[in-house]
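Observations on the three-dimensional arrangement
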Amino acid sequence: MNAKDIKVGTKLEVEIPEYDRKADESTTSYISQLADVIDDKTICIVSPMSEGRLKFLSRNLTIIIYYLNERQELLYFKGQVKGHRKSGALDVFDVEIVSEFNKIQRRRFYRLDVVLNCLYRVIDHQPISTDNYQFDDLSNTELTTAYTKNISGSGFCMILEEPLNSGAVLDISIDLEGSATIRVIAQVIRNSSEKNKKFEAGMHYIKISPRDSDVLTRYIFEKQRQILKNTMQAKLK
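Residues numbered from 1 in each chain as written. Predicted model: local features only at pLDDT ≥ 70, side-chain atom pairs only at ≥ 80, totals over all residues. Heavy atoms only, no water.

Turning next to the environment of D136. Relative to the helices and strands, D136 resides in the loop between β11 (117–124) and β12 (144–151). Assessed through its relative accessible area of 40%, D136 is described here as partly exposed. With 35 residues separating them in the primary sequence, D136 and D171 have C-alpha atoms 8.8 Å apart. Setting aside anything within four residues of it in sequence, one finds D136 in contact with R121, D171 and R183. (Helix = DSSP H or I, 4+ residues; strand = E, 2+ residues; numbered from the N terminus. Buried < 20%, exposed > 50% of the residue type's maximum accessible area, 1.4 Å probe, protein only. Contact = heavy atoms within 4.5 Å.)

Moving on, we get to the nonpolar core. Counting residues in each nonpolar core, the largest one holds 29 residues, and the members touching the most others are I151, M158, I172 and I174. Ignoring any residue separated from it by four or fewer positions in sequence, one finds I172 in contact with C118, L119, Y120, F156, M158, I182, R183, V184, A186 and M203. Listed in part, the 22 residues of the second largest apolar core include V37, I65, V81 and V95. (Core = buried A, V, L, I, M, F, W, Y, C linked by side-chain atoms within 4.5 Å.)

Taken as a whole and judged by the stated rule, the model has six aromatic pairs. Taking 5.4 Å as the distance between ring centres and 75° as the angle between the ring planes, the aromatic pair formed by F56 and F93 counts as edge-to-face. In this pair, F56 is assigned in the loop between β5 (53–54) and β6 (62–68) and F93 in strand β8 (residues 90–97), connecting sequence segments 37 residues apart. Look at F56 and you get exposed, because its relative accessible area is 54%. With a relative accessible area of 1%, F93 lands in the buried category. A connected cluster of aromatic rings, assembled from ring pairs, spans Y67, F77 and F101. (Phe/Tyr/Trp six-rings, centres within 6.5 Å; stacked < 30°, edge-to-face > 60°.)

With that settled, consider the confidence of the model for the protein. For the protein, the mean per-residue pLDDT works out to 83, and 83% of the residues sit at or above 70. Below a pLDDT of 50 lies the segment residues 23–27, which in the model reaches eight contacts outside its immediate sequence neighbourhood of four places, other chains included. (pLDDT = per-residue confidence, 0-100.)

Here we come to the pattern of salt bridges. Within this structure, the stated rule accounts for twelve salt bridges. A salt bridge links D40 to K4; the nearest nitrogen and oxygen atoms lie 3.5 Å apart. With a gap of 36 residues between them, D40 in the loop between β2 (29–39) and β3 (42–46) and K4 in the segment before β1 (11–15) connect regions that are remote in the sequence. Overall, D40 belongs to the partly exposed group, its relative accessible area being 36%. Between E177 and K223 there is a salt bridge, and its shortest N-O distance comes to 3.1 Å. Here E177, found in the loop between β14 (169–175) and β15 (181–193), pairs with K223, found in helix α1 (residues 210–236); they are 46 residues apart in sequence, far enough to count as distant. A single salt-bridge network, built from bridges that share partners, covers R121, D171 and R183. (Salt bridge = Lys/Arg side-chain N within 4 Å of Asp/Glu carboxyl O.)

This is the structure in structure tokens:
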């Protein structure tokens, strides 16, 4: 893969190393666009912007560029700024690609370690046909609190105050750190005791709406990307 595989006009996210951030800047992440492809290893990008403010990229600055390809896969690479010039009315920067192209896996089964608040009720102690389970109104239902230890697109590990039998089916609401709330019907596939009188249950989704599945996938994807960004920033220091 090389620069010519990126389509002109593609939206870019440009990550600036922390050590290059000025004291009055609140972010190191900027939005840009691919203006031109000069050769296999060199691209031209529009001046990065955040909250209406343009960011000047100094010569030889190493940056990280993220973008979505035509298959909606997220890729990233390191670039080194080679210069600044005008292209019509636009300020543009020539950037040399100095690393391999890397793809962030958007796997359904990527397991993210994260603590998320949950509310649940037991709706069945033994599984039956998943077609029989429906999402009922929970507004007048007594719910029990719990939290996740990790989560993926296929299930999650939940920490509870009470033990659950293997095979039990739960109706669960999961708060994705305030960004959204999803609803799942999940089955206990394993359980064990934890310290401090807590219990751990491995849950597998048996019903989740396409919308909530997409919301969850995007949440895990964004958290995964942020972890990767932090790792890459540390390597640049």
